[in-house]
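Summary of structural features
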Amino acid sequence: VQLQASGGGLVQPGGSLRLSCVASGSINVMAWYLQAPGKQRELVATITSDGVTSCKDSVVKGRFSISRDNAKNTVFLQMSSLDPEDTAVYYCVNGIYRGRYYYPHHWGQGTQVTVSS
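As the structure is a prediction and not an experimental result, all values here were calculated from the model.

Moving on, we get to the side chain of Asn-94. Mapped onto the elements, Asn-94 comes out in strand 9 (residues 88-98). In this structure Asn-94 comes out as buried when scored by relative accessible area, which is 1%. In this view, Asn-94 contacts Val-1, Leu-3, Ser-26, Ile-27, Asn-28, Val-29, Met-30, Tyr-102, Pro-104, His-105 and His-106; residues no more than four positions away in its chain are not counted.

In structure tokens, the structure reads:
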């Protein structure tokens, strides 16, 4: 599975961005992770093939939503009310759930999101 993320860039505080990730191959539960400067990667949101979503509230705070288009093998992360603390590299991931835990299997190359005035 190969994952190609896009849509990152420079945005002003309070702005919005929509990240996209196109996958080649068979995908399962898709996710977005972020890695802020000097910090570890952390899970942002997941979405199953049936469209069931889960978000990390401490990161998302009601501002981000994950969606997917199975016909196009594409997953999206819509981000709004962006804050400088959201500045990070965002990674598209394919993985699975085992019980309550998400296991990433394939990582995309990451797309940089910078929130700054």
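Right, picking up where we left off after that structure.
What follows covers the sheet that holds strand 1 (residues 2-6). Across the sheet, which stays open at both edges, the four strands sit in the order 1-3-8-7 with antiparallel pairing between neighbours. What marks the edges here is a single partner per strand, and that holds for strand 1 and strand 7 (64-69). Ignoring which end each strand starts from, the neighbouring axes of this sheet average 15° apart. As judged from the six bridges shared by strand 7 and strand 8 (residues 74-79), these two strands associate in the antiparallel manner. Counted as the bridge partner of Arg-68 is Val-75 from strand 8.

Attention now goes to the state of the cysteines. Scanning the entire structure with this criterion turns up one disulfide. Between Cys-21 and Cys-92 runs a disulfide, and the two sulfur atoms are separated by 2.0 Å. With the S-S dihedral at roughly -80°, the linkage between Cys-21 and Cys-92 falls on the left-handed side. In this pair, Cys-21 is assigned in strand 3 (residues 17-24) and Cys-92 in strand 9, connecting sequence segments 71 residues apart. Exposure remark for Cys-21: the relative accessible area of 1% places this residue in the buried category. The class for Cys-92 is buried, based on a relative accessible area of 0%. The thiol of Cys-55 is unpaired, and the distance to the nearest cysteine sulfur, on Cys-92, comes to 15 Å.

For the rest of this paragraph, the subject is the nonpolar core. Counting residues in each nonpolar core, the largest one holds 28 residues, and the members touching the most others are Trp-32, Val-44, Leu-77, Met-79 and Tyr-90. Here this core gets four residues from one element, more than from any other, and that element is strand 3. Discounting chain neighbours no more than four positions away, the residues touching Leu-77 are Leu-17, Arg-18, Leu-19, Trp-32, Val-44, Phe-64, Ser-65, Ile-66 and Tyr-90.

Alternating positions in strand 7 separate cleanly, Phe-64, Ile-66 and Arg-68 being buried on one face and Ser-65, Ser-67 and Asp-69 remaining unburied on the opposite face. Connecting the antiparallel pair strand 7 and strand 8 is a turn made up of four residues, with Asn-73 showing a positive phi of about 50°.

So, on to the pattern of salt bridges. The full count for this structure, using the stated rule, is two salt bridges. Here Lys-56 makes a salt bridge to Glu-42, at a shortest N to O gap of 3.0 Å. One end of the pair, Lys-56, is in the loop between strand 6 (53-55) and helix 1 (57-60); the other, Glu-42, is in strand 5 (residues 42-47), and 14 residues separate them in sequence. In this structure Lys-56 comes out as partly exposed when scored by relative accessible area, which is 36%. A residue is classified by how much of its surface remains accessible, and Glu-42, at 26% relative accessible area, is partly exposed. Of the charged contacts in the structure, one is a salt bridge between Arg-63 and Asp-86, with a shortest N-O distance of 2.6 Å. Of this pair, Arg-63 sits in the loop between helix 1 and strand 7 while Asp-86 is found in the loop between strand 8 and strand 9, placing the two residues 23 residues apart along the sequence. Take Arg-63 and Asp-86: they sit in the same class, and that class is buried.

Criteria and thresholds
Residues numbered from 1 in each chain as written. Predicted model: local features only at pLDDT ≥ 70, side-chain atom pairs only at ≥ 80, totals over all residues. Heavy atoms only, no water. Helix = DSSP H or I, 4+ residues; strand = E, 2+ residues; numbered from the N terminus. Buried < 20%, exposed > 50% of the residue type's maximum accessible area, 1.4 Å probe, protein only. Contact = heavy atoms within 4.5 Å. Pairing = 2+ DSSP bridges. Axes fitted to C-alpha atoms, helices over the stretch in contact; angles between N-to-C directions. Disulfide = S-S within 2.5 Å. Core = buried A, V, L, I, M, F, W, Y, C linked by side-chain atoms within 4.5 Å. Salt bridge = Lys/Arg side-chain N within 4 Å of Asp/Glu carboxyl O.

The values reported here are purely geometric and, on their own, carry no functional implication.
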